[in-house]
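Working through the structure, step by step
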Amino acid sequence: MASVNPFNLSDSEEESERRPNETVDTERSPSDGAPGPPPGNPFSPSADAEPPTLLLSSVNRTSPNGEGISSAATSAVAGGAETRVSVDVIAAQLLRDQYILTALEFHTELLEAGRELPRLRDYFSNPGNFERQSGTPPAKDQGIGPGGPLNRAGSISTLDSLDFARYSDDGNRESDERVAVLEFELRKAKETIQALRANLTQAAESEVPSQERKNFKSSPEIQEPIRPLEKRALNFLVNEYLLKNEYKLSSITFSDENDDQDFELWDDVGLNIPKPPDLLQLYRNCGTPLPSARDTVDVAVEADFGDVPAGHCAAPESLKKPDLSQQQQAEVVQELEYQISLLNNEKQSLADQMKKLQSEIQTLKQTVSSPAPTPLDRSSQNISNPASSSATITSSVEPPSAVRSRKFPTLNLMSGCRPIKHVTPNQMYCCPQTLSDNGQYLDIRGVSDPGSDPPSTQNTPPSHNKLKSRPPVQFDQPNRKLSPAFQQALLSFCRMCSDSRLGAEVSRIADSEESVMLMLGRCLPHIVPNVLLAKREELIPLILCTACLHPESKERDQLLHILFNLIKRPDDEQRQMILTGCVAFARHVGPTRVEAELLPQCWEQINHKYPERRLLVAESCGALAPYLPKEIRSSLVLSMLQQMLAEDKADMVREAVVKSLGIIMGYIDDADKYSQGFELMLLSLSDPSERVVSAVHQVFIPAFAAWTTELGSLYTLLIPSLLARIEKLLKQGEHGLDEHKLHVFLSALQSFIPPLFAVVLQNAPFTSRAKLHGDIPAIEVTRFPRPASSLQDVATIIGSREMLSALLLLYDHQLEHEGTTGWESLLWVVNQLLPQLIEIVGRINVTSSTCVHEFSRFFWRFCRTFGKIFTNTKVKPQFQEILRLSEENVDASAGNGILTKATVPIYATGVLTCYNQEEDRKLLVGFLEDVMTTLSLSHAPLDSLKASFVELGANPVYHELLLTVLWYGVVHTSALVRCTSARMFESILRGMSEALVDRRAAPALITLCNGPEFSVRISTIPAFGTIMETVTQKELLERVKMQLASFLEDPQYQDQHSLHMEIIRTFGRVGPNAEPRFRDDFVLPHLHKLALANNSQAAETKRIDIATQLFEAYSALSCCFISEEVMINHFLPGLRCLRADMEQLSPEHEVILSSMVKECEIKVENRGMGDAQGSIASSLVGEDAKTKFLSKMGQLTTSGAMLANVFQRKK
């Protein structure tokens, strides 16, 4: 194989290039030194040349022809002149003189410096340059080695890797150089093998039997069998996927089953086959359509106004590569050349006409004082294409006849830097855009040749072609005579890309609203995935505008799908933005398209895995409710929300569902949906989430009440249904009331109070007389209770605060002076609602503080809403009639039953506290005094009075009032009343201020203790215990401690069994919460004494009673921290005394007491051992804590947040 000559210069040319003054190279003997640089060296070292030492390694070597280094090569390293020589000249000289090793080292140095030289690369990459040849005789003084003339070539090595010892003059380097040549030949042979393997692989892959190809082509459903290379490639990708995703065992098994394949090396798959992307990338891109490999041609077209309907373009056919023979192609070329000649002739005539028209336009502009377009203005319209000066894009300013005569197509000379394909005449008349473009684009890819006409814009009506109002745009025509082929080849050097999707979009400009929408519809799906999640809401206006105006429903659905999937987990602000856009879309397109396009998007995401997306669906249903068809509102949307309310697990989603249901209730007009709305209300009220229940009261119930008001069923159907459910619940709960359900029903009933009062006002006899003009006083701020939301504000329900103020004036006047005759809604409230409520109140359990509180709040809001006159004239009389608090009924057994029920606390806390004026307070004080007196004198249970005090005592406003009532009992002549008063102190002392306790409560209790009756004194013990539990003032505690000590140490109380029982019970209740010093110094020692005294108690019943109370007290106190001294001296001895009693009286209690004693003894022993080891343990613990802290600090980075986490408590 002949060697390939990489040089551009022949040997004769080389000789001619030698300088005239160069010296003759002298032959160098082994004893000669290195030849010095000759004088007049034209070469000098430069930045482009490598250091001189690069070539010095080969300076001593002779050339193959027996001559020394030429003066040109030698002077390249000497550096004595001023002229700079390029590295390419140096490389050419080295190769010409056959200094292959030096050239190879030079090539390596350039590669490491990142300056690869094409001459050296081509030379060393061609195996033919290194084949053994016999054409060049060796030098006389050089022996021909086994490798021929190249046996002196060394291996590739850089300057810093050279072993200078092996290049010494002492030994023969022939063997080392031969090894280097063999290394280089081996590398080149491997490259050749790789190339051959690639060719073999492609040939093997392309070999498919013709019969099989025919079968696969005729039957597409038959899958072609997998090829060996495909199998190995898939095996490699599957194994790679398993390893990346931590399926190591599966990867090992998979490798064992394919033992004939090396999964470590991709080259084992095939012969020089490029590695494809991993499986994940292939899966993600499997749905992306690949660009078509078919060649297309771009043509510009001009339509005839008479042939094409306005606003439309001829439907283009697919631009396919024509399968023509050479003869047909020649005919097409000939036809095109003929048309070009015609266009050239026509262009000349039209150019003059255009210049004339442009001059007329400029004259007209000047006449109307409009500035003529400057060259800068015209140049701003040019397309950024240096070769586009030969093209003209202008409006249709010719007469219709001239346009009609121009039917020749204009070839695109810039079609992606490719030669123009031959096209048939039929293809030349089709639009360059796709079918969806509707011909409403200016294709900047279509550039005419200089001899052709400047294309005009397509024939579109003025509403779709905004360019008709623009002045004509002209470009300077060059006075040149270039052939079309030359111009095409010249323009092909412009780096324009119009073959890709993006290039096609960039290369054409929309000229109408519809074309802009089409362009946005195509581009937005590609833009959205590449926008940051945090900024995607910026795309919402574009998406909505395009979805509103796009002509194709499929594209609109895709855009709306993008809108709802724009952000994976949208936050509140992003959801609000999307909802705003949905509402704007609905307002623009109308109910039909909202139903057809928006609702399906909501339905698709109703079960989305992210709660934020489901929340968006729930909020969308409410936001779109006003813009949906009424049938859809009451059917599909209502069903969607009902399903989400029942099935969704996220509280925030159900909250949004409830709010949307409320909006639906505000727009629904199908009366048959009332029962469904009622069930939805009860279902949502039973929700375990407080935020959902709150949303029901704020939105759903007011909207549902407004709808039932319009139906006329608020007080005739809705409220009676709730009352019936409450009564049924009370009947079922005689042995155990479901307080949660009662709360649900009663809270709903409470939320219906504002709309009920609004109905009373709107249906009153005076409603027609209400006038807004004149002096209308403002409504007091405290006139109505604070509403849960604006929808529960009576003024909002009525319409305005002015109208409400006018109606309230007439309402109070009507109640006070004219009565309720003919007032149907108010009569229903007075005659049916109130009696039924009072009856229900009498049936609830008075000991249930929850029920009492719920009904109390209901009556309070009810009375405040309906007003003071209504409360005084309609509500209080009905309660007073039932309670019957007159003097003659104090001793009557029939009159005491109602006083023991919940009617008393609800009337006192729900009705009498509505207004806080002086007469109202006096009425409340008198009622409580009468109830206390009546219950005490009749020996009735005090639960109703206690419930009243507990409910009122929760509000500090009533503490002074309650103390006034209790002082009335303290100074009462009856001991029964004084006992009741003493017991009521316990109910109000917990929330009372220490100053008030010190000033009024403690003196009252001490006054009671000084009375003659033991029963009154004993009744004060629980109150004293409460003071010890809640007060921290030392002086007050000492006074209470002295009083209790007198009860325990005074001989007159030694035989008072009930007093001891009460003290032990009080100690067990307040001991765990009392001050430790009081517990250790007072409570436990006295309990020890009582337990010891109980061992000698003769009366068995009293002994059992005391032992039982002591057992309860010790059980409560055993959980407290007790010092070792108190444990040994009082607690353990008291337990042993109690155990001795229980051995005889209650063996089952004795077992528990024995375990308690044993546990306390172990605690005492452990404390003794702990003290002995305390010093050692403390040091060990300190060292351990220090080690842990330092190790924790060592794990920290520079993050301040991580440093803060070190000091957080573990959860």
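Residue positions are given per chain, counting from 1 as you read along its sequence in written order. A pLDDT threshold of at least 70 governs which residues receive local features in this predicted model, and a stricter bar of 80 or more applies before side-chain atom pairs are shown or counted, although totals over entire chains, interfaces and linings include all residues. Side-chain descriptors were evaluated using all non-hydrogen atoms of the structure, hydrogens and water having been removed beforehand.

**A few points about the overall build of the chain**
Helix and strand counts for the chain come out as 50 helices and four strands. Each residue is placed in one exposure class: buried if its accessible area under a 1.4 Å probe, protein chains only, is under 20% of its type's maximum, exposed if it is over 50%, and partly exposed if it falls in between. Buried positions account for 45% of the 1211 residues belonging to the chain. Here, residues are in contact when the closest pair of their heavy atoms is within 4.5 Å. The long-range share in the chain, meaning contacts at least 24 apart out of those at least 6 apart in sequence, stands at 74%. All accessible areas in this document rest on Shrake-Rupley with a 1.4 Å probe, and a residue is counted as covered only by the protein chains that are shown. Here the chain displays about 64200 Å² of accessible surface, and carbon together with sulfur accounts for 54% of that area. In this text, helices come from DSSP runs of H or I with a minimum length of four residues, and strands from runs of E with a minimum of two, each type numbered from the N-terminal end.

**Section: the packing of helix 38 (residues 943-953) against helix 40 (residues 975-988)**
Lines fitted to C-alpha atoms define the axes, with helix axes restricted to the stretch in contact, and inter-axis angles between N-to-C directions lie between 0 and 180 degrees. Taken N-terminus to C-terminus, the directions of helix 38 and helix 40 make an angle of 35°; their axes are 9 Å apart at the nearest point. The element helix 38 and its partner helix 40 pack so that their crossing is right-handed. Contact residues: L945, K946, F949 and V950 in helix 38; T980, M984, S987 and I988 in helix 40. Polar here means any residue other than Ala, Val, Leu, Ile, Met, Phe, Trp, Tyr, Cys and Pro, which are nonpolar, and Asp, Glu, Lys and Arg, which are charged; Gly is therefore polar. Tallied by class, residues from the contact of helix 38 with helix 40 come to five nonpolar, two polar and one charged. Here is the rule for handedness: rotate from the far helix to the near one, and if that takes an anticlockwise turn smaller than a right angle the crossing is left-handed, while a clockwise turn gives right-handed.

**Some thoughts on the pattern of salt bridges**
Salt bridge criterion: a side-chain nitrogen from Lys or Arg within 4 Å of a carboxyl oxygen from Asp or Glu. Per the counting criterion, the structure on display carries 32 salt bridges. For D122, the salt bridge goes to R121, with nearest N and O atoms at 3.4 Å. Since its relative accessible area comes to 41%, D122 is described here as partly exposed. The salt bridge partner of K876 is D920, with a shortest N-O separation of 4.0 Å. Of this pair, K876 sits in helix 35 (residues 868-883) while D920 sits in helix 37 (residues 918-937), and the two are 44 residues apart along the sequence. Among the charged side chains, a salt-bridge network with shared partners connects E240, K244, K275 and D278.

**Notes on the nonpolar core**
In summary, soluble globular proteins display a tendency toward joint burial of nonpolar side chains. Think of a nonpolar core as a cluster: buried Ala, Val, Leu, Ile, Met, Phe, Trp, Tyr and Cys residues, connected wherever their side-chain atoms sit within 4.5 Å. In terms of nonpolar packing, the biggest core is built from 227 residues, with F752, F866, F870 and F985 touching the most fellow members. Other than its neighbours up to four places away in sequence, F866 contacts I753, L756, F757, V760, R783, Y811, L826 and V829. With 18 residues, the next largest nonpolar core counts I90, L95, Y99 and L117 among its residues.

**Points about unusual backbone geometry**
The residue Q98 is not glycine, and still its phi comes out positive at about 65°. In this structure, H939 takes a positive phi of about 55° despite not being glycine. What makes H939 exposed here is its relative accessible area of 62%.

**Focus: helix 36 (residues 903-911)**
Most of helix 36 sits inside the fold, with nine of its nine residues counted as buried. Within the span of helix 36, buried status applies to T903, V904, P905, I906, Y907, A908, T909, G910 and V911.

**A closer look at the packing of aromatic side chains**
How two aromatic rings sit relative to each other is given by the distance of their centres and the angle of their planes. Two rings from Phe, Tyr or Trp (for Trp, the six-membered ring) form a pair when their centres sit within 6.5 Å of each other. Planes less than 30 degrees apart are called stacked, planes more than 60 degrees apart edge-to-face, and all others tilted. Considering all chains together, one arrives at 26 aromatic pairs under this definition. With centroids separated by 5.6 Å and ring planes inclined at 15°, the aromatic side chains of Y674 and F704 adopt a geometry described as stacked. Within this pair, whereas Y674 is found in helix 26 (residues 674-685), its partner F704 is found in helix 27 (residues 690-711), the two being separated by 30 residues in sequence. A ring is scored as having a charge over it whenever the NZ atom of a lysine or the CZ atom of an arginine sits within 6 Å of its centre and within 35 degrees of its normal. One cation-aromatic arrangement involves R783 over F784; the distance from NZ or CZ to the ring centre is 4.5 Å. Above the ring of F1014, the side-chain terminus of R1017 is found at 5.2 Å from the ring centroid.

**Details of the confidence of the model for the chain**
Confidence in the prediction for the chain averages 74 pLDDT; 68% of positions are at 70 or higher. The predictor rates its confidence in each residue with pLDDT, a number between 0 and 100. Segment residues 886-896 is flagged for pLDDT under 50; beyond a separation of four residues in sequence, or across chains, it makes eleven contacts in the model. Note that pLDDT drops below 50 for residues 1195-1211; the model gives that stretch nine contacts with residues more than four away or on any other chain.

**Overview of the environment of E240**
Mapped onto the elements of the fold, E240 is located in helix 9 (residues 228-244). Between the C-alpha atoms of E240 and L279, which are 39 residues apart in sequence, the distance is 8.5 Å. The residues contacting E240, other than those within four sequence positions of it, are K275 and D278.

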